[in-house]
Amino acid sequence: MTMLVRATPFHSRAAAANRLNAWANRNGYTLAAQYGDANAEALAAHTTAAMADISWRWRVMIEGARAEEFLTRLLTRNPAKLAPGQAFKALWLTDRGAVRGAAAVARFGRESFQIIATQSDLDWIARGASLFEVQVRDVEEGGLTIIGPYANKIFAAAGFGDPLEALTFRKNFWRGLDITLSRFGEHGGFEIWCKPDDAPVVWGRVVKAGEPFAMKPAGLNAMDVLDLEAGVPRPERDYETARDGFATAPTPFDLKLESLIDDDHLLFNGRAACFSTPRTRTRVGIEFDDDKPSSHTALLRNGQRVGQTMNSLYSPALQRAIALAIVDVAAAEPNTALVLPDGRSAQVCALPFLPSPSDGSDTASR
């Protein structure tokens, strides 16, 4: 079956700004790979500000009288702790304790939540929700993220009102448009969500607000670099999620996502299996001694394989190639020297590679 590639609500504005006509597919949407120089776009997020289209992210509403009960069983964190307007990052697991998905989960009301993720798992979630008579429906919106040292100033210049705390959101009536503002991202800054028909107007207003602060539009290539610099692993791009209900890998400990598990949350699916699995591997950062990325490549220590890189890219801010990797716990100490199969040198480093580019950021992995 051929999957159709869709345009985001911002496509017309992105196409006008995409001088190289460079496009990429992400989650079934066509998006600008870069608008000009991807390295300059990534650097803008560290020095001024960058704006990116995030409409491609999968979003579903979970609604019904037993919505909280269902999410209590699904998620590795307890949704009862969320008040309306708050969110947290959480995982959901297979029956055998492997990671199926990772997302931000936002509470809209007593009986309504939204899941925002970079990979869909609709069938699994809808099947579980049906057992609790809970409705699951897709959300079709346009989304922009603005990150960088001047993100808060752009927020004020756009007239969005009082600043948002990390992992909160609110609905706004913004000069005639209904929007939702949030701070869910790992890079700080903020997000704007709008009706598809309002997207061109929202893009234009945000660009105008960002002009005095040298804000640049950033494509997928730049955003992937920023994710990597922040130490954020993404499903599909960096690792394969468990799609078999009885899969045992990857575990939250393999991916170093154990911070997304509440110690006092005892009811979620896969918990017993997850905590009974030996913790032999973990996620680390890898810096190479040159500018050549090496994705999904073996890592050696004393001639023995001790791990493998995930996605690897060149970081213009660090001026070298970097990667995330899953390695044996014994080889995970920062400054551990490693070798690639081609003889090139690398070393383990602490994550994140760089601090979040926006003030007051939330750096929890997702």
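A few points on the structure. The model shown is predicted, which means the values in this text are computed figures rather than measured ones. (Residues numbered from 1 in each chain as written. Predicted model: local features only at pLDDT ≥ 70, side-chain atom pairs only at ≥ 80, totals over all residues. Heavy atoms only, no water.)

1. Thoughts on the pattern of salt bridges
One pass over the full model with this rule turns up 23 salt bridges. In this structure, Arg-100 and Asp-121 form a salt bridge, with 2.7 Å as the shortest nitrogen-oxygen distance. You can see Arg-100 sitting in strand 7 (residues 99-109) and its partner Asp-121 sitting in the loop between strand 8 (112-117) and helix 4 (122-130), a full 21 residues away along the chain. Across the salt bridge formed by Asp-178 and Lys-195, the nearest N and O atoms sit 3.8 Å from each other. Of this pair, Asp-178 sits in strand 12 (residues 177-182) while Lys-195 sits in the loop between strand 13 (190-194) and helix 6 (199-210); the two residues are 17 residues apart in sequence, bridging distant segments of the chain. Beyond isolated ion pairs, a larger network of salt bridges with shared partners links Arg-26, Lys-89, Glu-186, Asp-224, Asp-227, Arg-234, Arg-237 and Asp-238. (Salt bridge = Lys/Arg side-chain N within 4 Å of Asp/Glu carboxyl O. Helix = DSSP H or I, 4+ residues; strand = E, 2+ residues; numbered from the N terminus.)

2. Examining the sheet that holds strand 11 (residues 169-174)
The six strands are arranged 11-12-13-10-4-14 in an open sheet whose pairing can be described as mixed. Of all strands in the sheet, those bounded by a partner on one side alone are strand 11 and strand 14 (215-217). With strand direction ignored, the average angle separating the axes of adjacent strands in the sheet is 25°. With six bridges joining them, strand 11 and strand 12 adopt antiparallel strand pairing. Paired with Lys-171 across the two strands is Thr-180, which belongs to strand 12. Its contacts with the sheet place helix 2 (residues 38-47) against strand 4 (49-53), strand 10 (142-147) and strand 14, and it is angled at close to 125° to strand 4. (Pairing = 2+ DSSP bridges. Axes fitted to C-alpha atoms, helices over the stretch in contact; angles between N-to-C directions. Contact = heavy atoms within 4.5 Å.)

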